[in-house]
Amino acid sequence: MPELPEVEVTRRRIEPFLVGRTIERLETTPPSYFFLTPPAQLERRLVGRSALNLERRGKYLLACIEGGERLLLHLGMTGQLFSSGATSVRLLSATARAALGPEEQSEFQPDRHTHLRLSFTDGGPGVFFRDVRKFGKVQLLAVGEASERLDRLGKDALEVEGCDLFRATRKRTVAIKNLMLDQSVIAGTGNIYADECLFFGGVRPRRRAARVTRAECDRIAEGLKRVMRRSIETGGSSISDYVAPDGSDGAYQDERRVYARGGEPCHQCGTPIRRIVIGQRSAHYCPACQK
DNA sequence: ACCGCACCCTGAGCGC
DNA sequence: TGCGCTCAGGGTGCGG
């Protein structure tokens, strides 16, 4: 599940494959709700042009295109943005993996989940956007067109301070975990890093937001930035589908304190980590370290 | 305004 | 072996 760190690592590593290269061909899967802009229109607008830059806003990637249009990408749950030369078992289904010998990994071949394929006039590697569950999004914003999705975003998670969080939590009855996941409050947090930062804050995920103290907000905000910075350094979390643009895995999953560690001992006190469900989503915490 | 929940999708993993 | 079930979850939109 790509969250801020995975999206940032993707941004940094796909940038050299994308920015400044003229798009020669654009191929897609059939129109679906994955394409907020219809594929035919993407092709018309993008072929012959190049991206001038690649930015990140929360979990979105945003590229300015020659001529002033902007390309907006979201990786959703299972989105993978990578160079066509990448090699990784994470780019294959389990059955496809099983059909291959151990050393038989070769260059990725586009499959029915590879919704967007860009090739470039310089003849170098292409850029692929693959997404098994199609929760990802592709949208081309016209010159000067605003994006409601971007405009709704709150402060980037890497810039959130305790005072921001404290202000946002007042009079809110939602579970603090759900508030951390609200992109209009904090942009970039997903399930993994929400659980992790609440561990650092010493706050149980189900506690009502308004009952989190100022000091706890400080610790949560610091924890959030700490885990995200560290995750970016280690290449993100490769728990199920995430793969960096060059095909490599991240390593942050090895440093998780609580996420997906239900039943395993807390690294700090040895108490088994508890897994609960909050609003249809799993949450993990240490019942001894978090109050 | 806020909150909880259903929904979009597909593959993995499980029980029978 | 294979079927059918459940689970995973980011973001949106709706009803209360």
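This text gives an overview of the structure that appears in the document. Every value quoted in this text rests on a predicted model; they were computed, and no experiment measured them. (Residues numbered from 1 in each chain as written. Chains lettered and ligands numbered in written order. Predicted model: local features only at pLDDT ≥ 70, side-chain atom pairs only at ≥ 80, totals over all residues. Heavy atoms only, no water.)

Side note on helix α5 (residues 162-169)
Counted only if it meets this: Using a 1.4 Å probe on the protein chains alone, a residue whose accessible area is under 20% of its type maximum counts as buried, one over 50% counts as exposed, and one in between counts as partly exposed. Working definition: helices are DSSP H or I runs of at least four residues, strands are E runs of at least two. Numbering for both runs from the N terminus. Note that the arc is computed from the directions linking the helix axis to the C-beta atoms. Any pair of residues with heavy atoms lying within 4.5 Å of one another is described as a contacting pair.
For α5, the complete set of buried residues consists of Gly162, Asp164, Leu165 and Thr169. The buried residues of α5 occupy an angular sector of 160° when the element is viewed end-on, so they sit on one face. The inward-facing, buried residues of α5 abut β9 (155-156), α6 (176-181), β10 (186-187) and α8 (214-233). Immediately beyond the C-terminal end of α5, within one or two residues, lies Lys171, with a positive phi of roughly 60°.

With respect to the layout of surface pockets
How we decide: Every definition here rests on a 1 Å grid over the protein atoms only: cavities are sets of points where a 1.4 Å probe fits but cannot get out, pockets are open sets enclosed by protein on both sides within 12 Å along at least five of seven lines, and lining residues have some atom within 4 Å of a point. Grid points are joined across faces, edges and corners, and a volume is the space filled by probe spheres set on the points. All residues other than Ala, Val, Leu, Ile, Met, Phe, Trp, Tyr, Cys, Pro, Asp, Glu, Lys and Arg, Gly among them, are scored as polar; the first ten of these are nonpolar and the last four charged. Boundary definitions for the domains trace back to an automatic or database domain assignment.
Roughly 780 Å³ of internal volume is contained in the largest pocket. Of all the secondary structure elements, the ones that give two or more residues to the lining of the largest pocket are α6 and β12 (281-285). In terms of residue class, the lining of the largest pocket is built from eight nonpolar, nine polar and six charged. Structurally, the lining of the largest pocket is a two-domain feature, drawing no fewer than three residues from each of domain 1 (4-151) and domain 2 (155-285).

Some words on the protein's contact with DNA strand C
Definition in use: For this description, a residue counts as near a given molecule or strand if any of its non-hydrogen atoms is within 4 Å of it. Two N or O atoms count as a polar contact when they lie within 3.5 Å, although within protein this holds only if one can serve as hydrogen donor and the other as acceptor, and sequence-adjacent residues are included solely when both atoms are side-chain atoms.
Neighbouring DNA strand C are 15 residues, the closest being His74, Arg133, Tyr259, Arg275 and Arg281. Counted by atom, the contact set of DNA strand C within 4 Å of the protein is 61% sugar and phosphate. Side-chain polar atom of Asn191 to a phosphate oxygen of DNA strand C: 3.2 Å apart, as the coordinates give it. At 2.9 Å from a base nitrogen of DNA strand C is found a side-chain nitrogen or oxygen belonging to Arg281. Per-class residue counts for the surface near DNA strand C are five nonpolar, four polar and six charged.

Some points on the pairing of strand β11 (residues 274-278)
Note the cut-off: Strand pairing requires that DSSP identify at least two bridges connecting the strands.
Of the pairings in the sheet, the one linking β11 to β12 comprises five bridges and is antiparallel in character. When the bridges of β12 are listed, Arg275 appears paired with His284. The turn joining β11 and β12, which pair antiparallel and follow one another in sequence, is formed by two residues; a positive phi near 55° is taken by Gly279.

A few points about the sheet that holds strand β5 (residues 79-83)
Inclusion rule: Geometry is summarised by axes, namely lines fitted to C-alpha atoms with helices restricted to the contacting stretch, and by angles between N-to-C directions that run from 0 to 180 degrees.
As summarised here, the arrangement of the four strands in space is β1-β6-β7-β5, forming an open sheet in which the pairing is antiparallel. Lying at the two open borders of the sheet, with one neighbouring strand each, are β1 (23-28) and β5. Sheet twist, expressed as the average angle between the axes of neighbouring strands with direction ignored, equals 10°. Judged from the five bridges that link them, β5 and strand β7 (residues 127-131) form a sheet pairing that is antiparallel. The partner of Phe82 across the bridge, within β7, is Phe128. Here helix α1 (residues 4-18) sits on the sheet in contact with β5, β6 (114-120) and β7, set at roughly 45° to β5.

Section: helix α2 (residues 39-46)
Of all the positions in α2, only Pro39, Leu42 and Leu46 are classed as buried. Projected down its long axis, α2 carries its buried residues within an arc of 55°, all on one side. Each element contacted by the buried residues of α2 is listed here: β1, β4 (70-74) and β8 (137-141). Phi for Gly48, located one or two positions after α2, is positive at around 90°.

Keep in mind these numbers describe shape, not what the thing actually does.
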